[in-house]
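Residues per chain are reported as follows:
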Amino acid sequence: MLALGSAAFLLFGFVLVLLGVCQPGITRSLGLDHTGFGLLGSALSAGIGTSVLVAGVLVDRYPRRPLFLISTLVTATALATVEADMSLARALVHVALVGAGCGIYDTLLNTVVVERWGAASVRPMSLLHAAVPVGAVVAPLVVHALGGSREWVGVFRAASACYVALSVWVAFVSFPSPAADRTPERRVRAGAFATPAFLALCAVAFAYIGIEAALTLFATPYAMEALALAETDGG
């Protein structure tokens, strides 16, 4: 399961920076300014955040393998069906669905690792999350190898093929059953997370995601415009 999870998190990191790396090609194809492109980044974050909240309920009540399969297929479909001349509204839907699929399997894998390894889950959890920055680093290299951001549709479809591979791979991986035996006492303890320290951590995470998204989305246009770099250098 760790191999599957690491591959899924690597793709998660890839998708997180994909918009930013492909920014020149996307804005040129869709005719977007920085505001419109920023909305795409917001849609990705909104899809991830919303699905994480929903997935927290789903993974405790429904079989994990079908949930993982659904999440990867949703992501694959949203990536595979983009078009170079689609409207901003349609692009927002595609990006939000990509985020939603990623958020579901992200939450699922985090949950399964804690359930399977318990107090010893620090190392396997670290392994999964270490794959995210690897995916982010690999993304510009892959985009450049596939022809640069002007070929962003092809890049999205290549990423879709990787998610289809994950959908096949999951058939050979076992997942623990959902924790359907939650008692009222366990539900009360779960509510104990609403503490000042936990809420402060949520605020920090919120700010971190916003800063990360802004830097990821606009690093390439800044590099190209302010530093007079070529598109491949900015990516």
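Shown above is the structure to which this text applies.
Residues numbered from 1 in each chain as written. Predicted model: local features only at pLDDT ≥ 70, side-chain atom pairs only at ≥ 80, totals over all residues. Heavy atoms only, no water.

Visitor: Can you tell me about the packing of helix 1 (residues 2-21) against helix 5 (residues 88-117), naming the residues and giving the values?
Guide: As a packed pair, helix 1 and helix 5 sit with axes 10 Å apart at the nearest point and diverge in direction by 150 degrees. Taken together, helix 1 and helix 5 sit at an angle that is classed as roughly antiparallel. Note that helix 1 runs across helix 5; the crossing there is left-handed. Residues L2, G5, A8, F9, L11, F12, V15 and L19 of helix 1 form the contact with helix 5, whose own contacting residues are V95, V98, C102, Y105, D106, L109, N110 and W117. Of the residues belonging to the contact of helix 1 with helix 5, the class tally is 13 nonpolar, two polar and one charged. (Axes fitted to C-alpha atoms, helices over the stretch in contact; angles between N-to-C directions. Helix = DSSP H or I, 4+ residues; strand = E, 2+ residues; numbered from the N terminus. Parallel < 35°, antiparallel > 145°, perpendicular 65-115°, else oblique. Left-handed = near helix turned anticlockwise from the far one by under 90°. Contact = heavy atoms within 4.5 Å. Nonpolar A, V, L, I, M, F, W, Y, C, P; charged D, E, K, R; others polar.)

Visitor: Outline the packing of aromatic side chains, listing residues and values.
Guide: For the structure shown, the criterion picks out five aromatic pairs. Between F9 and F12, the aromatic rings sit 6.4 Å apart at their centres with planes inclined by 80 degrees, giving edge-to-face as the arrangement. Taken together, the positions of F9 and F12, both in helix 1 and three residues apart, correspond to about one turn of that helix. Accessibility classification places F9 together with F12 in one group, the buried group. One aromatic cluster is present, built from ring pairs that chain together F68, Y105, Y163 and F175. (Phe/Tyr/Trp six-rings, centres within 6.5 Å; stacked < 30°, edge-to-face > 60°. Buried < 20%, exposed > 50% of the residue type's maximum accessible area, 1.4 Å probe, protein only.)

Visitor: Can you tell me about helix 2 (residues 23-30), naming the residues and giving the values?
Guide: Because each turn of an α-helix spans 3.6 residues, side chains separated by three or four positions in sequence point in the same direction. Of all eight residues that make up helix 2, six are buried, and the element is covered over most of its length. The complete set of buried residues in helix 2 reads Q23, P24, G25, I26, T27 and L30. Immediately beyond the C-terminal end of helix 2, within one or two residues, lies G31, with a positive phi of roughly 65 degrees.

Visitor: Tell me what's going on with the environment of L215, and back it up with residues and numbers.
Guide: Position of L215 among the secondary structure elements: in helix 9 (residues 196-225). Accessibility expressed as a relative area gives 57% for L215, which makes it exposed. As a C-alpha pair, L215 and V17 span 198 residues in sequence and 9.6 Å in three-dimensional space.

Visitor: I'd like a rundown of the nonpolar core, residues and numbers included.
Guide: In terms of nonpolar packing, the biggest core is built from 55 residues, with I26, F68 and F175 touching the most fellow members. For this core, the secondary-structure elements that each account for two or more residues are helix 1, helix 2, helix 3 (34-58), helix 4 (64-80), helix 5, helix 6 (122-145) and helix 7 (152-169). It is helix 1 that contributes the most residues to this core, eleven residues altogether. (Core = buried A, V, L, I, M, F, W, Y, C linked by side-chain atoms within 4.5 Å.)

Visitor: Give me the lowdown on helix 4, citing residues and values where you can.
Guide: The end-to-end C-alpha distance of helix 4, which contains 17 residues, comes to 24 Å, matching closely the 24 Å that a straight helix rising 1.5 Å per residue would cover. Among all positions of helix 4, only R64, L67, F68, S71, T72, T75, A76, A78 and L79 are buried. Contact partners of the buried residues in helix 4: helix 1, helix 3, helix 5 and helix 7. (Expected span 1.5 Å × (residues − 1).)

Visitor: Can you explain the pattern of salt bridges? Please cite residues and give values.
Guide: All chains considered together, the criterion is met by two salt bridges. The partner of E115 in a salt bridge is R64, with the nearest N and O atoms 2.9 Å apart. One end of the pair, E115, is in helix 5; the other, R64, is in helix 4, with 51 residues separating them in the sequence. On the basis of relative accessibility, which here comes to 34%, the residue E115 falls in the partly exposed class. For the salt bridge of E83 with R90, the shortest nitrogen-to-oxygen distance reads 3.4 Å. The exposure class of E83 is partly exposed, given its relative accessible area of 34%. By relative accessible area, which is 31% here, R90 ends up partly exposed. (Salt bridge = Lys/Arg side-chain N within 4 Å of Asp/Glu carboxyl O.)

Visitor: Outline the environment of A219, supporting the account with residue identities and numerical values.
Guide: Structurally, A219 can be placed in helix 9. Put simply, A219 and V21 are 198 residues apart on the chain and 8.5 Å apart in space, counted from C-alpha to C-alpha.

Visitor: Tell me about a nonpolar patch on the surface, and name the residues and values.
Guide: Taken together, the side chains of I70, V74, V93 and L97 present a nonpolar region at the surface, about 320 Å² in accessible area. Breaking the nonpolar patch down by element, the ones donating at least two residues are helix 4 and helix 5. Structurally, V74 is set in helix 4. (Patch = residues over 30% accessible without salt bridge, like charges linked within 9 Å, V, L, I, M, F, W, Y side chains within 5 Å. Areas by Shrake-Rupley, 256 points an atom, 1.4 Å probe, with all protein chains shown as cover.)

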